[in-house]
Every structure is written in C-alpha cells, then in structure tokens.
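Structural overview for review
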Amino acid sequence: NAMANHGILPRDGRGIPIARLGPVLCDTYNFSIPFAYFTLNYMAEMLQKSYAHDTFDLSDLLVHNGIEHDA
C-alpha cells in the first residue's frame, strides 16, 4: 500500500503483475533477489495464482489466513 501511495505501483492497486514486482521490491526495500522471489511466490500460492503469468490487486491480500489470521 505504501508503494501505491508513493506512485511506485499503480495508485489504484489493481492489475499488478506478480513477476514484475520482484525488481520493485529489491529497489524499494533493498530485498535480495532470492527473498523477493520467495515472498512473491508464497503470495502467489496463497492467492492461488501463477507467479509468472497472473496479476493481483492489493485488496486480494486481505484473504483470511494469508497475512491476516485469527490471533
């Protein structure tokens, strides 16, 4: 969400290609390439999407038991 607020990602937070987000994470947050790949691949699996071919919306990350879970 912070990257969308700063114009690094589309401001509406929709249609973000998962595979293209890796270099953005590396540049913005100084992630290593393997960590960026692991994080995005995990996110793709959580959303039941393809890392290489699909897009996602920031609102998709609200799925229960993904990032958000019962305490």
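As a starting point, this report considers the structure included with it. Not measured: the values here are computed from a predicted model.

The rules behind these values
Residues numbered from 1 in each chain as written. Predicted model: local features only at pLDDT ≥ 70, side-chain atom pairs only at ≥ 80, totals over all residues. Heavy atoms only, no water. Helix = DSSP H or I, 4+ residues; strand = E, 2+ residues; numbered from the N terminus. Buried < 20%, exposed > 50% of the residue type's maximum accessible area, 1.4 Å probe, protein only. Contact = heavy atoms within 4.5 Å. Expected span 1.5 Å × (residues − 1). Polar contact = N/O pair within 3.5 Å; in protein donor to acceptor, adjacent residues only side chain to side chain. Core = buried A, V, L, I, M, F, W, Y, C linked by side-chain atoms within 4.5 Å. Arc of directions from axis to C-beta.

1. Side note on the overall build of the chain
Helix and strand counts for the chain stand at 3 helices and 2 strands. For the chain, the sequential pattern of α-helices and β-strands runs α-β-α-α-β. Expressed as lengths along the three principal axes of its C-alpha atoms, the size of the chain is roughly 30 × 25 × 25 Å. In the chain, buried positions account for 25% of the 71 residues. The contacts in the chain between residues at least 6 apart in sequence include a share of 41% that link residues at least 24 apart.

2. Section: helix α3 (residues 33-46)
Working note: α-helix, 3.6 residues per turn, so residues spaced by three or four point in the same direction. An ideal rise of 1.5 Å per residue puts 20 Å on 14 residues; α3 measures up with 20 Å between its terminal C-alpha atoms. The elements touched by buried residues of α3 are α2 (21-29) and β2 (55-56). One side-chain oxygen at the N-terminal end of α3 lies 3.2 Å from the backbone nitrogen of F35; it belongs to S32. Positioned one or two residues after α3, Q48 has a phi angle of 55°, which is positive.

3. Points about the nonpolar core
Counting 15 residues, the largest nonpolar core has L9, I18, L21, L25, L40, M43 and F56 as its most contacted members. Those elements that place two or more of their residues in this core are α1 (2-5), α2 and α3. With 5 residues, the top contributor of residues to this core is α3.

4. With respect to the environment of D57
Its place among the elements puts D57 in the segment after β2. Taking the C-alpha atoms as reference points, D57 and P17, separated by 40 residues in sequence, lie 9.1 Å from one another. Discounting residues that sit within four places of it in the chain, D57 has contacts with G13, R14 and G15. In terms of polar contacts, D57 uses its side chain to reach the backbone amide nitrogen of G15, at 2.8 Å.

5. So, α2
Buried within α2 we find L21, G22, L25 and C26. Projected down its long axis, α2 shows its buried positions confined to an angular sector of 140°, all on one face. Elements that come into contact with the buried residues of α2 comprise α1, β1 (16-17), α3 and β2.

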